[in-house]
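Structure at a glance
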Amino acid sequence: MPSERDRGVFLTKEELIELKQSLVSLAAALDANTRTTNKLFKESCRESIITFSHRVMNPLALISEEEFRRVFNVYAEYEEFLAEHGEPNGQVEQCYAIIQDAYRERLRTNNF
């Protein structure tokens, strides 16, 4: 039996069970948080790409080359995320193609 001085080092069986249950609850909460964060990340990327594709369809819209680069980076991160999670990309492919076409046209005409 541990002395009073060593009591802080040892846990009773009940305390260990309670600690284990706390860790299981914490892990479940962390998993739920991760699922929510992943969902929000995907939706944010999709929204950025879709919204930008609508902007670039207007040939008079003032859009900088930096804005295009930003969306290209968002798309790359989105694709990487989907690949890491084994998910297909079917949500924004057409919108991204519109953005790429608009970028090429603006490069050709130097319209940034």
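Above this note sits the structure.
My aim in this report is to walk through the structure given alongside it, one point at a time. Please read these numbers as outputs of a predicted model, since none were measured by experiment.

1. Considerations on the overall build of the chain
- The helix and strand tally for the chain stands at three helices and zero strands.
- Going residue by residue from the N terminus, the α and β elements of the chain occur as α-α-α.
- At 25 Å, the chain has a C-alpha radius of gyration far larger than the 13 Å of a compact globule built from 112 residues.
- Expressed as lengths along the three principal axes of its C-alpha atoms, the size of the chain is roughly 85 × 25 × 20 Å.
- Every one of the 112 residues in the chain was classed for burial, and the buried ones make up 22%.

2. Some thoughts on the nonpolar core
- Grouped together as the largest cluster of nonpolar side chains are 20 residues, with contacts concentrated most on Ile-49, Phe-52, Val-56, Phe-68 and Ile-99.
- Of all the elements in the fold, those that place two or more residues in this core are helix H1 (13-56), helix H2 (65-84) and helix H3 (93-109).
- The leading source of residues in this core is H2, at eight residues.
- Residues within four places of Ile-99 in sequence aside, it is in contact with Ile-49, Phe-52, Ser-53, Val-56, Phe-68, Val-71 and Phe-72.

Calculation criteria
- Residues numbered from 1 in each chain as written.
- Predicted model: local features only at pLDDT ≥ 70, side-chain atom pairs only at ≥ 80, totals over all residues.
- Heavy atoms only, no water.
- Helix = DSSP H or I, 4+ residues; strand = E, 2+ residues; numbered from the N terminus.
- Rg over C-alpha atoms; globule rule 2.2 N^0.38 Å.
- Buried < 20%, exposed > 50% of the residue type's maximum accessible area, 1.4 Å probe, protein only.
- Core = buried A, V, L, I, M, F, W, Y, C linked by side-chain atoms within 4.5 Å.
- Contact = heavy atoms within 4.5 Å.

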